[in-house]
Amino acid sequence: MELDAANVKLFVAQSHDLTFIAHASDLEALWQGSSIDHPRMIAADEDVAGDATEDIIALLHAIDIEIYDMRRCLYAMEDFRKIDEIPFDFTRRRMSVVLEGKDGKRQIITKGAVEEMISICSFCELNGQVIAMNDDIRKQAMEIVHEMNNQGMRVLAVAHKSFLEKAGEFEVDDEQDMVLIGYLAFLDPPKESATEAIRQLHEAGVEVKVLSGDNDAVVSTISQQVGIEGSDCIIGSDFEQMTDEEKRTAVRDNRIFAKLTPHQKTEIISLLQELDNTVGFLGDGINDAAALRQSDIGISVDSAVDIAKESADIILLEKDLMVLEQGVLSGRETFGNIIKYVKMTASSNFGNMFSVLAASAFLPFLPMLSIHLLIQNLLYDISQTAIPFDKMDKEFLLKPRRWDSSDIARFMIFIGPISSIFDIATYLLMWYVFGCQSPEMQTLFQSGWFIEGLLSQTLIVHMIRTRRIPFVQSNAAWPLMLMTFAIMAIGIAIPFTSFGSYIGLMPLPLSYFPWLIAILLCYCVLTQVIKKWYIKKFGKWL
């Protein structure tokens, strides 16, 4: 007897919800040609009696396909009780339950991956008749499955064996000589946002790989639908036979992996990490738990099984994959702002150290009192509180970045002394132009350096935050602009207030400020020149 799609029982579900039971060759045809605009989805925990069931039956009548006893399927638990179970494992890739009817009849019902199921079936049921399986029927059965796989459907086979003489303690060996009775086909289409999310992740330098336990035909089809192409599909059994070096090559060069065990998923993630990659893993099933723990960033969804959510670092609450791309960019922006603060603070403090050493060696008085330094640092730190709200240049966000402590030290050594040059220029200005050459004139000297030091430290934020020309090619976010210029205004005003007099500062002559502007402009120009040289020599800025 020839086996074809017309006489194979196919139980079709969409998005893991029970929808209808019917013969089928093309799911789209079920929607078209019927008198029903759209059949209701029936959730697993929904009462399916009444209108919902009638809608499904009406749909099946409308497209002229054989109807099975819906209510008998839906209320089978009333007639049977489960007496034993053979749990699922990732080697057999199937599970079984043993049921006993009211009449005392026992039967074992098994579902699982098609290849593994066919290997334990000696018979199949066609048109109500049980016939022996042969190579031709197996081949035809697999062709039907491949056709459904190529449409993006996940397919499980269902088999049973009746009139068991065994009373209990069923085991794997009992899954033999079974009767293939049909398929479970799950249509779980990719989310609408998947293709765009993957495209944007690729543009952001994130390579997307698919690690799945599903059939390779299904995985390849779904991967193509979401834009993951240009790679052979490596299946778990082939991966297992590879040498360590071959595995590294396969993991590096291929993007699609199918029929993987949980251990193989974990192994692939470990190999990617050994190849100096930071690995994020998105999963929602029991078999994803180990991979979620192994990855650097485990991501799951709110509807995932409990063990997957417990193993994940991040749980997505929105049903939109675009949040992944947004999260990547937000993380890079946060990392960039941290680097800004570390580099500007390290270089500024390093430069101030040289400035204080130079002043202590040659001046007959202190260049600044301790209270001045504390207030200056307080104002500077307040201005830095707006850095988390700053934005990063687009080119910084295009690829992932790594923490490099050696770059921090190098940056401090090359950029820090720039501020010392202009601090010393301010010393010379106050010494020769404004005559601050004795302890009696130290208040004026300290006021001049207080303002120049605060303004140069605050301006350096805008110089360091971008590799471009600040205020011309790249502007900071408005909170940072507002905060820095407000602090600069407060710093200039303090020596002219009673609070300034109280802490030992005094008003500066107006002739000081053109010099101050010139010093700050020269400071910005020299910093920009050194920045260009630094980027050319070391290939990075932040």
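Q: Would you explain the side chain of Lys265 in this entry?
A: Relative to the elements of secondary structure, Lys265 occurs in helix 10 (residues 262-274). When residues no more than four places from it in sequence are discounted, the contact partners of Lys265 are Leu211, Ser212, Gly213, Leu260, Phe281, Asn287, Asp288 and Ala291.

Q: Mind showing me how you'd approach the sheet that holds strand 15 (residues 314-316) here?
A: Backbone hydrogen bonds are what pair the strands of a sheet, in a parallel or an antiparallel way. One open sheet accounts for 3 strands, arranged 13-14-15; its pairing is parallel. A single partner strand is all that each edge strand has here, and the edge strands are strand 13 (280-282) and strand 15. Strand-to-strand, the axes of this sheet are offset by a mean angle of 25°, without reference to chain direction. Summarising the sheet, strand 14 (residues 297-301) and strand 15 pair through 3 bridges and their orientation is parallel. Within strand 15, the residue paired with Ser300 across the bridge is Ile315.

Q: Teacher, can you tell me more about the pattern of salt bridges here?
A: Pairing of side chains with opposite charge becomes possible as their charged atoms draw close. This model, assessed by the stated rule, comprises 25 salt bridges. Note that Arg106 is salt-bridged to Glu100, the shortest N-O span being 3.7 Å. Judged by relative accessible area, Arg106 falls into the buried class, the value being 16%. Relative accessible area serves as the criterion here: at 16%, Glu100 is assigned to the buried category. In this structure, Arg252 engages Asp253 in a salt bridge whose closest nitrogen and oxygen atoms are separated by 3.1 Å. For Arg252, a relative accessible area of 45% gives the class partly exposed. The class of Asp253 is partly exposed, set by a relative accessible area of 43%.

Q: For this particular structure, what's the right way to read the packing of aromatic side chains?
A: We describe a pair of aromatic rings using the distance from one ring centre to the other and the angle between the two ring planes. Inspection of every chain in the model, using the stated rule, returns 18 aromatic pairs. Both rings, one in Phe414 and one in Tyr534, keep their centres 6.2 Å apart while their planes meet at 70°; by these two values the pair is edge-to-face. In this pair, Phe414 is assigned in helix 15 (residues 405-433) and Tyr534 in helix 19 (residues 512-538), connecting sequence segments 120 residues apart. For Phe414, a relative accessible area of 33% gives the class partly exposed. Classification of Tyr534 by relative accessible area gives buried; the value is 0%.

Q: What is the right way to look at the packing of helix 13 (residues 322-362) against helix 14 (residues 370-384) in this model?
A: Packed helices, taken two at a time, are described by their axes: the angle between them and the distance between them. As a packed pair, helix 13 and helix 14 sit with axes 12 Å apart at the nearest point and diverge in direction by 160°. Considering the angle they form, helix 13 stands roughly antiparallel to helix 14. As for how helix 13 packs across helix 14, the hand of that crossing is right-handed. Contacts from Tyr341, Met344 and Thr345 of helix 13 reach helix 14 at Tyr380, Asp381 and Gln384.

Q: Would you take a moment to explain the pairing of strand 3 (residues 80-89) for this structure?
A: The side chains of a regular strand alternate, first on one face of the sheet and then on the other. Strand direction decides the pairing type here: strand 3 and strand 4 (residues 94-101), joined by 7 bridges, are antiparallel. When the bridges of strand 4 are listed, Arg81 appears paired with Glu100. The turn linking strand 3 back onto strand 4 is made up of 4 residues, and Arg93 within it adopts a positive phi angle of 60°.

Q: Explain helix 6 (residues 194-203) here, please?
A: Each α-helix winds once per 3.6 residues, and so residues spaced three or four apart point in a common direction. Within helix 6, the full set of buried residues consists of Ala194, Ala197, Ile198, Gln200 and Leu201. Considered in projection along helix 6, the buried side chains sweep an arc of 165° and stay on one side of the axis. Two residues or fewer past helix 6, Gly205 is found with a positive phi of approximately 85°.

Q: Looking at this structure, I do not really get the confidence of the model for the protein chain. What am I missing?
A: In regions of low pLDDT, the predicted coordinates are not meant to be interpreted in detail. Within the protein chain, residue pLDDT values average 82, and 85% of them lie at 70 or more. When the criterion is pLDDT under 50, residues 4-72 qualifies, and its contacts beyond four places in sequence or with other chains add up to 117 contacts.

Q: Teacher, can you tell me more about the sheet that holds strand 11 (residues 233-235) here?
A: Pairing is parallel across the open sheet formed by 3 strands, whose spatial order is 10-12-11. The sheet is open, and its two edges are formed by strand 10 (210-211) and strand 11, each paired on a single side. Where strand 10 meets strand 12 (residues 256-258), 2 bridges bridge the pair, whose relative direction is parallel. If you follow Leu211 over to strand 12, its bridge partner there is Phe257.

Q: Explanation requested: a nonpolar patch on the surface in the structure shown.
A: Taken together, Ile424, Leu428, Tyr432, Val433 and Trp515 make up a surface patch of nonpolar side chains, about 520 Å² in accessible area. Residue contributions to the nonpolar patch peak at 4 residues, all from helix 15. Looking at where Val433 falls in the secondary structure, it is placed in helix 15.

Cut-offs applied
- Residues numbered from 1 in each chain as written.
- Predicted model: local features only at pLDDT ≥ 70, side-chain atom pairs only at ≥ 80, totals over all residues.
- Heavy atoms only, no water.
- Helix = DSSP H or I, 4+ residues; strand = E, 2+ residues; numbered from the N terminus.
- Contact = heavy atoms within 4.5 Å.
- Pairing = 2+ DSSP bridges.
- Axes fitted to C-alpha atoms, helices over the stretch in contact; angles between N-to-C directions.
- Salt bridge = Lys/Arg side-chain N within 4 Å of Asp/Glu carboxyl O.
- Buried < 20%, exposed > 50% of the residue type's maximum accessible area, 1.4 Å probe, protein only.
- Phe/Tyr/Trp six-rings, centres within 6.5 Å; stacked < 30°, edge-to-face > 60°.
- Parallel < 35°, antiparallel > 145°, perpendicular 65-115°, else oblique.
- Left-handed = near helix turned anticlockwise from the far one by under 90°.
- Arc of directions from axis to C-beta.
- pLDDT = per-residue confidence, 0-100.
- Patch = residues over 30% accessible without salt bridge, like charges linked within 9 Å, V, L, I, M, F, W, Y side chains within 5 Å.
- Areas by Shrake-Rupley, 256 points an atom, 1.4 Å probe, with all protein chains shown as cover.

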